Amino acid sequence: MLQILLLYLFPFPSTAIINLRQFDNKTYHYQRPYIGGYHDNPYVGGYHDNKTTSRDPVILIPGIFGSQLEAWYNKTVVPHYICSKDSKGFTTIWLCFQCMVPKVIDCWVDNMILNFTDNNFVNRDNERTRVNDFGGTGGVECLDKNCYYPYFKPMVETFVAAGFQRNVSIRAAPYDFRYGPNTATGKAYLGKLKQLIEETYTLNDNRKINIIAHSMGNLYMVEFFKGMSKSWKKKYIKRYMAVSGVFGGSVKSIRALISGETESVPRVLVDGGTVRAFQRTFQSIYWLLPRSYLWDKNEVLVYTETRNYTINDIDTLFDDAGFSLGKKLRQTTDAISQFRDVDVPVYCVYGSDIPTASAFRWKKGYFPDYQPVQMDGLGDGTVNKRSLELCNKFKQVQGTKTFSGSRAGEHMQILLNPDAIKYLLDIVLETPPTDVLHF
């Protein structure tokens, strides 16, 4: 009963609550809905192998909100009398269902917030955070530890059925998604990622690594590859598969910073103002703002009763929203917001033909504290089409695959889509691609 209630309350990912088609040899058929959104064995035919075989290993890079986070804190001040001052060990802060109830949510928000000190983003005082299961897949298979919301789990289980082994030939590199790669936390992550790639290479008889990144994880990979020499990439990287890459930013991030983005939390219990309190402190959300080289200087992104705003007016928008600090926080991402070639073989995979926020209109009296009306263009439901298609500008693109419609290509749903998983597996196994059945 609790599981059904949670599925009702949490629209993100609503992606996880629809039928998935199972692949059984060459017969396609629909299964009944599965609570949790996936079947334990998405491919019951074609790839199954009970023994571990030689495979070019895979490392998964999650997107924003795609890594389980834990915190250990010992605070002197808390926002509410029911909030614990001492966690007495690491405790889950993302994704934490029990944290998102009235009053308790104030404690959770306080744990998620970052401080901005000496031009750097850091945890709150007397708080340490870590990701769950770096190097393993346990921290990215599901958004929560009870796995009500599967993320990479269908993909991992499919690859395991094809002969891959968890923590050996299929691994993951979760990260604290609140930070960008130019912070102390972000730089430490890039160093750990390099070590993980080299360790996985050795662990698998010097086989090159397949990188599969999702969403903002692709921005991290662009920064990572920028710091690696050509000889290092040639030695260790087999190919890079960019899924739902937000290479040029997303209009949706504007709403998060102005009024709060509530699609990733229970809208029944949480209002935009509550989540805005911590979203405005995340460097990563400023990193996801639309890029000036993709949006025209005359293209209106925000409409209010007093004026309109284009990509060149973002700082003014922060001022008018009563959040002047946003200008300084945005500037911390300038050096990491340029599109650069990665100098490795690339496959681009993303959704298309899905209504996606292209602008927002705040009604009279709604700006900035209430939710705006969303004006749609095309994309994958989260990332705009022009940003997704920037992937095709990489010099070594080997192939591009799009999945049309929300049931197949939506930003999160694509990782649960058997056809998308099969496409990625075919690339890794270097098997000739077969026709896929489109929704």
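Reference entry: report on the structure contained in this document. Just so it is clear, the structure is predicted and the values come from calculations on it, not from any experiment.

**A short note on the overall build of the chain**
When helices and strands are tallied, the chain shows 14 helices and 17 strands. Each of the 439 residues in the chain was classed as buried or not, and the buried ones make up 58%. Sequence separation of 24 or more characterises 73% of the internal contacts of the chain that already satisfy a separation of 6 or more. A total accessible area of about 18,100 Å² is found for the chain, and carbon and sulfur atoms account for 48% of it.

**Looking at the sheet that holds strand 12 (residues 300–303)**
Strand order in the open sheet formed by 4 strands is 13-12-15-16, and the pairing between neighbours is mixed. Strands at the two margins of the open sheet, each flanked by one partner only, are strand 13 (308–310) and strand 16 (373–379). Strand after strand, the sheet turns through a mean of 40° between neighbouring axes, direction not considered. As judged from the 7 bridges shared by strand 15 (residues 354–361) and strand 16, these two strands associate in the antiparallel manner. For Arg361, the partnering residue across the bridge sits in strand 16 and is Val373.

**A few points about the sheet that holds strand 17 (residues 397–404)**
Spatial ordering of the open sheet is given by 9-3-10-11-14-17, a layout of 6 strands whose pairing is parallel. Since the sheet does not close on itself, it has two edges, and those belong to strand 9 (170–172) and strand 17, each with one partner. Across this sheet, the average inter-strand angle for adjacent strands is 15°, counted without regard to direction.

**A few points about the layout of surface pockets**
Roughly 280 Å³ of volume is contained in the second largest pocket. Surrounding the second largest pocket, 16 residues form its lining, Pro290, Arg291, Ser292, Arg330 and Asp334 being those nearest its centre. Listing elements by their share of the lining of the second largest pocket, those giving two or more residues are helix 9 (283–287) and helix 10 (314–320). Partitioning the lining of the second largest pocket into residue classes produces 7 nonpolar, 5 polar and 4 charged.

**Remarks on the state of the cysteines**
Counted by the stated rule, this structure contains 4 disulfides. Shown here is the disulfide that connects Cys142 with Cys147, its sulfur atoms set 1.8 Å apart. Relative accessible area serves as the criterion here: at 6%, Cys142 is assigned to the buried category. Residue classification places Cys147 among the buried residues on the basis of a relative accessible area of 17%. Going through the chain in sequence order and numbering each bonded cysteine, the pairs you get are 1-4, 2-3, 5-6, 7-8.

**Quick look at helix 4 (residues 184–203)**
Helix length check: helix 4 (20 residues) gives 28 Å between terminal C-alpha atoms against 28 Å at 1.5 Å per residue, within 8%. Among all positions in helix 4, only Gly186, Tyr189, Leu190, Leu193, Leu196, Ile197, Thr200 and Tyr201 are buried. Viewed end-on, helix 4 has its buried residues packed into an arc of 130°, placing them on one side of the element. Set apart from the buried face of helix 4 by more than 90 degrees, the exposed residues are Ala184, Lys187, Gln195 and Thr202. On the buried face of helix 4, the contacting elements are strand 3 (58–61), strand 9, strand 10 (209–214), helix 5 (217–226), helix 6 (230–236) and strand 11 (237–243). Downstream of helix 4 by a residue or two, Asp205 has a phi angle that is positive, lying close to 55°.

**Some remarks on the side chain of Asn111**
Structurally, Asn111 is set in helix 2 (residues 104–112). Owing to a relative accessible area of 7%, Asn111 belongs among the buried residues under this scheme. A polar contact is formed between the side chain of Asn111 and the side chain of Lys75, at a distance of 2.5 Å. Apart from residues lying up to four places away in sequence, Asn111 is in contact with Tyr73, Lys75, Ile93, Glu127 and Arg178.

**A few points about the nonpolar core**
Counting 120 residues, the largest nonpolar core has Leu60, Ile61, Phe159, Phe177, Ile197, Met216 and Tyr240 as its most contacted members. No other element matches helix 14 (residues 418–429), which puts 7 residues into this core. In contact with Leu60, other than residues within four places in its own chain, are Val140, Phe152, Met155, Val156, Ile170, Arg171, Ala172, Ala173 and Ile212.

**Some thoughts on the environment of Asp56**
Among the secondary structure elements, Asp56 is positioned in the loop between strand 2 (27–30) and strand 3. In the structure, Asp56 is positioned 149 residues away from Asp205 in sequence and 9.4 Å away in space, judged by C-alpha atoms. What Asp56 contacts, discounting residues up to four positions off in sequence, is Phe164, Arg207, Lys208, Asn210, Lys238 and Val428. For Asp56, the side chain forms a polar contact with the side chain of Arg207, separated by 3.1 Å.

**Topic: the packing of aromatic side chains**
With the rule as written, the count across this model stands at 33 aromatic pairs. Taken together, the aromatic side chains of Tyr201, Phe224, Phe225, Trp232, Tyr236, Tyr240, Phe247, Phe339 and Phe394 make up a single cluster linked through ring pairs. Lying over the aromatic face of Phe134, Lys192 brings its terminal NZ or CZ to 4.2 Å of the ring centre. Cation over ring: Arg361 sits above Tyr303, and NZ or CZ is 4.4 Å from the ring centre.

**A closer look at the pairing of strand 11**
The buried fraction of strand 11 is high, at 6 of 7 residues. The sheet contact formed by strand 10 and strand 11 spans 6 bridges and is parallel. When the bridges of strand 11 are listed, Ile211 appears paired with Tyr240. Of the strand pairs in this sheet, strand 11 and strand 14 (residues 346–352) are connected by 4 bridges, and their pairing is parallel. Bridged to Val243 within strand 14 is Val349.

Definitions and limits used
- Residues numbered from 1 in each chain as written.
- Predicted model: local features only at pLDDT ≥ 70, side-chain atom pairs only at ≥ 80, totals over all residues.
- Heavy atoms only, no water.
- Helix = DSSP H or I, 4+ residues; strand = E, 2+ residues; numbered from the N terminus.
- Buried < 20%, exposed > 50% of the residue type's maximum accessible area, 1.4 Å probe, protein only.
- Contact = heavy atoms within 4.5 Å.
- Areas by Shrake-Rupley, 256 points an atom, 1.4 Å probe, with all protein chains shown as cover.
- Pairing = 2+ DSSP bridges.
- Axes fitted to C-alpha atoms, helices over the stretch in contact; angles between N-to-C directions.
- 1 Å grid on protein atoms, 1.4 Å probe; cavity = no way out; pocket = protein on both sides within 12 Å on 5 of 7 lines; lining within 4 Å.
- Points joined across faces, edges and corners; volume = space filled by probe spheres on them.
- Nonpolar A, V, L, I, M, F, W, Y, C, P; charged D, E, K, R; others polar.
- Disulfide = S-S within 2.5 Å.
- Expected span 1.5 Å × (residues − 1).
- Arc of directions from axis to C-beta.
- Polar contact = N/O pair within 3.5 Å; in protein donor to acceptor, adjacent residues only side chain to side chain.
- Core = buried A, V, L, I, M, F, W, Y, C linked by side-chain atoms within 4.5 Å.
- Phe/Tyr/Trp six-rings, centres within 6.5 Å; stacked < 30°, edge-to-face > 60°.
- Lys NZ or Arg CZ within 6 Å of the ring centre and 35° of its normal.

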